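So you can see what is in the structure, the chains are spelled out below.
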Amino acid sequence: MSTEDTNATSTDPVEPVDVVADDAPQQEQGEDVAPVEVVEDLEAVEDVDDVQTDSQGDTIEAKEPEEVEPDPNIVPVTLNGREIEARKGELVIAAAERHDTYIPHFCYHPRMKSVGMCRQCLVEVDTGRGMQLQPSCMITVSPEMKIETESPTAKRAQEGMIELLLANHPLDCPVCDKGGECPLQDQAFSHGPGESRYIEEKRHYEKPIPISDLVLLDRERCILCDRCTRFADEVAGDKLIHFTQRGNETQVMTFPDEPFASYFSGNTVQICPVGALTAEPYRFKARPWDLAQEESTCTSCSVGCRVVVQSSRDEILRYQGVDSDPVNHGWLCDKGRFDFEAVNSELRLADPMVRTEAGLTPTKWSAALDAASGLIREALEAGGPDSIGLLGGARGMNEDAFAWAQLADALGITYRDAQFGDGLPAEILGLNRATIDEAASASTIVMLGADIKEELPVLYLRLRDAVVEKRSKLVEFSSVDTGMTRYATQSIRHQPGLQTEAVNDAKESLTGENVVVVVGRGNLAESADETMAALAAVLAVNPDAKILPALRRGNVVGALSVGMAPADADHDGLATLRAAADGKLELLILLGADPINDCPDTDLARRALAGARRVISIDTHPSESSKLADVVLAGAAYGEKAGTTTNLEGRVSTVSDKVTTTGTARPDWMIAAELAIMLDIDGDIADVASVADVTAAIAAEVPGFAGVTLDALAADRNGVLVTVSPKPLGNIVHGATQRNTYDHRLVVGRKLYDRAIGTAMSHSIAKLAPGAGAHLHPLDLDALGVAEGGDVRLIGKKATAILPAVSNPGIARGVVWAPFNQDGGTIEDLIDASVSVTDVQIEVV
């Protein structure tokens, strides 16, 4: 058919056309030829593209499409008259929410078990027996189920529940701290009756009651939704808040003389649907409509919880948890939630300072950078690149650490590290690393050294849930009881320095598939080599086990990954401090580091700062170390600078700037770039103009970070996992021996709250630090003849410390445990970083 014929409309007369193929036999004269039938309805003609032919031109018969097996996990239901696909085992309320249908509720929370307390989520459900009112948080979907959330019956039930809840609830929204973000207030407008029939006097209680140092309780506003009590029990495992009384007198309360001293109490404030629980640091500071917010990542530890940073009038006022499924599930620890006060501290460094005859004196940035670059030049001239040490980077962003690592590379600096003898060798990041999700779904979790409740609290919540819900069994190796001990299937005690022997004695517990080893530095008075040797023993038993490094500092993984890792043990953090102490360093640069409080061997840190001829400190607050510096450069704090951070599993996520910097403080990467220009260094670091340029340079130059682009980070709020090729663990030399029976072996561990800058500068949580103490087994106390609270003298090879004795049955006999970096004690003076373990003698004062 010609082109003209195919374009003709059906209303045009079409004459029959003789079509003859080129290879068809020619018609002999006199033969009849049948006319070609022309179909006027062109839509009825099959598309020639749908006809398949073989190489000879013969038509291939089309195959029937294969039948797709239905997904057995899909459950068809009808929601408000429309067909939807729910998931097998899914709650009605969750299925409705996934399909953009909101069902009012108060007690339901997707991260906790349903209890059906508030009955606000009543809807009509037909499972084949007719419509019935059902709490949608308690019933799972079933095939052909019909759900009505907006029927007159459902609406009357929801209105009735609101009226009952408001019968005793104060109607004082304008003065309630929850006003403007209160689910009860919102649902009273959207699903309430509009007015109440109750005119009786409402019940009254004393209020507010401080149930902890951070949380206040208003019992009049409580609607008994059971959210706070379920969180404390199910999620945190701290059953310190519960229902008391009965019937109309039921109320939420703590136990007598036992405050709600949970590390996670702030979560109850965030999930409380009314103003019953409020947080002291935020109480009456602002209204929700006054707050501006940006989503970010917490850097208080290396878990990397997603948060929103909220500010008003250019001041950070609150952090709220964001539900990141692979990381924190919406939860935050109280340290990460409330340490925003440090950003607003009056002690912030607002301007750079240079040491003069009058001491450290504020000056202009031009003068400070000129002084800093002059010290670098002098050091290079006097001793070359090997006379400069660079320590820190874990408190900042990836961009900060990368920029300083690039500057160090350009200058030839080899003494560098993001750790100070308080972590594990950087090679642990090259092992077959597990994600948090993989650890929380492992068949066996092996805890090696770390007390994650104290150091990585939200990781503790994730792994505790895995064990409590019977997804995983827990095998723990430790010298003392930890936060995970009561959940362990097997908790193996060992003397400090002898964990390798303990591992070898428990090989049967380490075999099998899907094993994840969570390894950290549980004892700062013990060499990291002892922990690494124990890890090597685990991998010898189970080479397929994955490793989750429980390193504590906020961005230590990122700093080590982008260039702050030492080339070898002869140039790591401890080696740098030893070189400075021996007078081999002309210049020591501290990048957000305070060795005097960060390094377990405090004596070494003090000698290092005294031995280095010059010191440059880049920091946000004055510290014991920065006070000894020759030049102090004021750095921008969290919330004042943008960038990225890398958590312990290698997940890179964004950090947002929400407020302007204090004074003239600058981001660390910018300081490095300006110094590079002043030192006439050619290269990428001198050419960057924005933090986005540094992020792009990291993606281009750092192994494993190729996929960490701004577009990739913007596309996934949960961040991007860095992938590295696993490397085998090298040979580890360890030399701990059995202790002398007259001595006690020292264990120094971390507590969540200590004298770290972020805590010490946040007044609400600074007071929660437990203070110093020597924790001993009760039988050891009896043998010494000292009562609890009495002073004991710990005598080491380097120094002596006097601490109050604390009776602790979780401590093994022959072991003394003391918290690190606490007021009222000098336990750090006893630690010698050059030996495998630290033994002390104990005397009664």
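Calculation notes
- Residues numbered from 1 in each chain as written.
- Predicted model: local features only at pLDDT ≥ 70, side-chain atom pairs only at ≥ 80, totals over all residues.
- Heavy atoms only, no water.
- Pairing = 2+ DSSP bridges.
- Helix = DSSP H or I, 4+ residues; strand = E, 2+ residues; numbered from the N terminus.
- Axes fitted to C-alpha atoms, helices over the stretch in contact; angles between N-to-C directions.
- Buried < 20%, exposed > 50% of the residue type's maximum accessible area, 1.4 Å probe, protein only.
- Contact = heavy atoms within 4.5 Å.
- Polar contact = N/O pair within 3.5 Å; in protein donor to acceptor, adjacent residues only side chain to side chain.
- Phe/Tyr/Trp six-rings, centres within 6.5 Å; stacked < 30°, edge-to-face > 60°.
- Salt bridge = Lys/Arg side-chain N within 4 Å of Asp/Glu carboxyl O.
- Patch = residues over 30% accessible without salt bridge, like charges linked within 9 Å, V, L, I, M, F, W, Y side chains within 5 Å.
- Areas by Shrake-Rupley, 256 points an atom, 1.4 Å probe, with all protein chains shown as cover.
- Lys, Arg positive; Asp, Glu negative; His and termini not counted.
- Charge placed at Lys NZ, Arg CZ, Asp CG, Glu CD.

## Description of the sheet that holds strand 6 (residues 131-135)
- Strand order in this open sheet of 5 strands is 4-3-7-5-6, and the pairing throughout is mixed. The two strands at the open ends of the sheet, each matched to only one other strand, are strand 4 (82-87) and strand 6. Each neighbouring strand pair of the sheet contributes to a mean axis angle of 40°, computed without reference to strand direction.
- Taken together, the 3 bridges between strand 5 (residues 122-126) and strand 7 (residues 145-148) define a ladder with antiparallel strand orientation. Residue Val125 lies in a different strand from strand 7, and its bridge partner there is Ile147.

## Side note on helix 15 (residues 556-564)
- The element helix 15 is largely enclosed, with a buried count of 7 among its 9 residues.
- Those residues of helix 15 that sit buried are Val556, Val557, Gly558, Ala559, Leu560, Val562 and Met564.
- Those residues of helix 15 that are buried lie in contact with strand 18 (388-392), helix 9 (398-411), strand 19 (415-417), strand 28 (643-646) and helix 21 (691-701).

## Some remarks on the sheet that holds strand 15 (residues 315-321)
- One open sheet holds the 3 strands; their spatial order is 13-14-15, and the pairing between them is antiparallel. At either end of the open sheet lies a strand with only one pairing partner, and these are strand 13 (292-297) and strand 15. Neighbouring strand axes in the sheet, compared pairwise and without regard to direction, differ in orientation by 30° on average.
- Pairing between strand 14 (residues 306-312) and strand 15: 6 bridges, direction antiparallel. Each residue of the ladder has a partner; that of Val308, found in strand 15, is Gln320.

## As for the side chain of Thr78
- Within the fold, Thr78 resides in strand 3 (residues 74-79).
- Assessed through its relative accessible area of 15%, Thr78 is described here as buried.
- Among the polar contacts listed, one links the side chain of Thr78 to the side chain of Glu83, at a separation of 3.0 Å.

## Things to note about the packing of aromatic side chains
- Counting across every chain of the model gives 5 aromatic pairs.
- Ring centres of Phe264 and Tyr460 lie 6.1 Å apart, and the angle between their planes is 10°; on these two criteria the pair is classed as stacked. One end of the pair, Phe264, is in the loop between strand 11 (251-254) and helix 6 (265-271); the other, Tyr460, is in helix 12 (residues 457-468), with 196 residues separating them in the sequence.
- Note on Tyr460: relative accessible area 0%, which makes it buried.
- One aromatic cluster is present, formed by Tyr319, Phe340 and Tyr638 through successive ring pairs.

## Let's talk about the side chain of Ser617
- Take Ser617: it is sitting in strand 26 (residues 614-619).
- In this structure, Ser617 is in contact with Leu590, Ser626, Ala629, Val631, Val632 and Leu633, ignoring residues within four places of it in sequence.

## Brief notes about the environment of Val844
- When you line up the elements, Val844 lands in strand 36 (residues 839-844).
- Along the primary structure Val844 and Tyr460 are separated by 384 residues, whereas in three dimensions their C-alpha atoms are 37 Å apart.
- If near-sequence neighbours (up to four positions away) are discounted, Val844 is found in contact with Leu784, Val786 and Asp791.

## Details of the pattern of salt bridges
- Inspection of every chain in the model, using the stated rule, returns 42 salt bridges.
- The residue Arg486 makes a salt bridge to Asp238 at a minimum N-O spacing of 3.9 Å. Within this pair, whereas Arg486 is found in the loop between strand 21 (473-478) and strand 22 (490-493), its partner Asp238 is found in the loop between helix 5 (227-235) and strand 10 (241-244), the two being separated by 248 residues in sequence.
- A salt bridge links Lys641 to Asp400, with the shortest nitrogen-to-oxygen separation between them at 2.8 Å.

## Some thoughts on the pairing of strand 28
- By the alternation rule, side chains of strand 28 split into Gly643 and Thr645 and Thr644 and Thr646, which are all buried.
- Alignment of strand 28 against strand 29 (residues 651-655), held across 4 bridges, turns out to be antiparallel. The partner of Gly643 across the bridge, within strand 29, is Val655.
- From the end of strand 28 to the start of strand 29, which pair antiparallel, there are 4 residues, and Gly650 there has a positive phi angle of about 90°.

## So, the environment of Pro728
- By the secondary structure assignment, Pro728 is in the loop between strand 30 (720-721) and strand 31 (744-749).
- Residue Pro728 is classed as exposed on the basis of its relative accessible area of 76%.
- Note: C-alpha distance between Pro728 and Pro273 (455 residues apart in sequence) is 50 Å.

## Description of a negative patch on the surface
- Among the surface-exposed residues, Asp680, Asp682, Asp684, Asp687 and Glu701 lie close enough to one another that they form a single negatively charged patch.
- Relative to the elements of secondary structure, Asp687 occurs in helix 20 (residues 684-687).
- Since its relative accessible area comes to 60%, Asp687 is described here as exposed.

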